[in-house]
Amino acid sequence: EHSVDEERSRQTIVNPNRSKINSYAKQDKDLKQNRKTYFATDLMSKSPKCLYTSDTLKTVLDCMKKYNYRHFPIMNSEERLVGIISDRDILIHLHKDHSKIFINDIMTKEVLTAIEHTRIQDISKIMLHEKINSLPIISSEHVLVGIITQTDILNYVTKSNPIDLWI
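The paragraphs below set out a description of the structure included in this document. Note that this is a predicted model, so its numbers are computed, not measured.

1. What to know about the packing of aromatic side chains
Point 1. Taken as a whole and judged by the stated rule, the model has 3 aromatic pairs.
Point 2. Ring centres 5.0 Å apart and planes at 50° place the aromatic pair Tyr38 and Tyr156 in the tilted group. A residue pair is termed long-range when its members are at least 10 positions apart, and Tyr38 in the loop between helix H1 (4-34) and helix H2 (40-43) and Tyr156 in helix H7 (residues 150-159) qualify at 118 residues.
Point 3. Judged by its relative accessible area of 15%, Tyr38 is buried.
Point 4. Aromatic pair Tyr69 and Phe72: ring centres 5.7 Å apart, planes at 50°, arrangement tilted.
Point 5. Residue Tyr69 is classed as partly exposed on the basis of its relative accessible area, which comes to 38%.
Point 6. Through pairs of rings, three or more aromatic residues link up here, namely Tyr67, Tyr69 and Phe72.

2. Description of the sheet that holds strand E2 (residues 51-52)
Point 1. Spatially, E2-E3-E4 is the arrangement adopted by the 3 strands of the open sheet, whose pairing is mixed. The sheet terminates laterally at E2 and strand E4 (81-86), the two strands that pair on one side only.
Point 2. By the bridge criterion, 2 bridges tie E2 to strand E3 (residues 71-75) in an arrangement that is parallel. In the strand pairing of E3, Tyr52 is matched with Met75.
Point 3. Its contacts with the sheet place helix H3 (residues 57-67) against E2, E3 and E4, and it is angled at close to 135° to E3.

3. Side note on the pairing of E4
Point 1. With 5 bridges joining them, E3 and E4 adopt antiparallel strand pairing. In the strand pairing of E4, Pro73 is matched with Ile84.
Point 2. Hairpin geometry of E3 and E4 is characterised by an intervening segment of 5 residues between the two adjacent antiparallel strands and by a positive phi of about 65° at Glu79.

Criteria and cut-off values
- Residues numbered from 1 in each chain as written.
- Predicted model: local features only at pLDDT ≥ 70, side-chain atom pairs only at ≥ 80, totals over all residues.
- Heavy atoms only, no water.
- Phe/Tyr/Trp six-rings, centres within 6.5 Å; stacked < 30°, edge-to-face > 60°.
- Helix = DSSP H or I, 4+ residues; strand = E, 2+ residues; numbered from the N terminus.
- Buried < 20%, exposed > 50% of the residue type's maximum accessible area, 1.4 Å probe, protein only.
- Pairing = 2+ DSSP bridges.
- Contact = heavy atoms within 4.5 Å.
- Axes fitted to C-alpha atoms, helices over the stretch in contact; angles between N-to-C directions.

What follows is the structure in structure tokens.
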């Protein structure tokens, strides 16, 4: 049994906290409403430099040096995405004759992709979970339109408020 004075004292203690919690919840809701959601199309490199299944390791190495890229989408003769090659894929072949090794033989053939309107948060989760450093971006018609790399995401995060990415 509580006296009337004890009950008033407890209400005085509880009510300010509820007010603060409601205030924080309102601020959080307002902040979320004012944030922009970022998608692949916002950060990706558009019209990426592609290589072809018939290209050689020499071509890959020359392009990596020329463009300072570590990943290249690989296209077939019908201009369809069929693979991806990265600096990791070529390491075990560096001691061989570069002009006799074809991309088709060393590329990663099972390529994960994302569509243009995939949230950056989701792309980041995929990259972390799959332990990959890049993700080709395709249109709704399954046409390659870009590539996003961990470097693209990190560059953006260092130039802006990282919270904006995680809606």
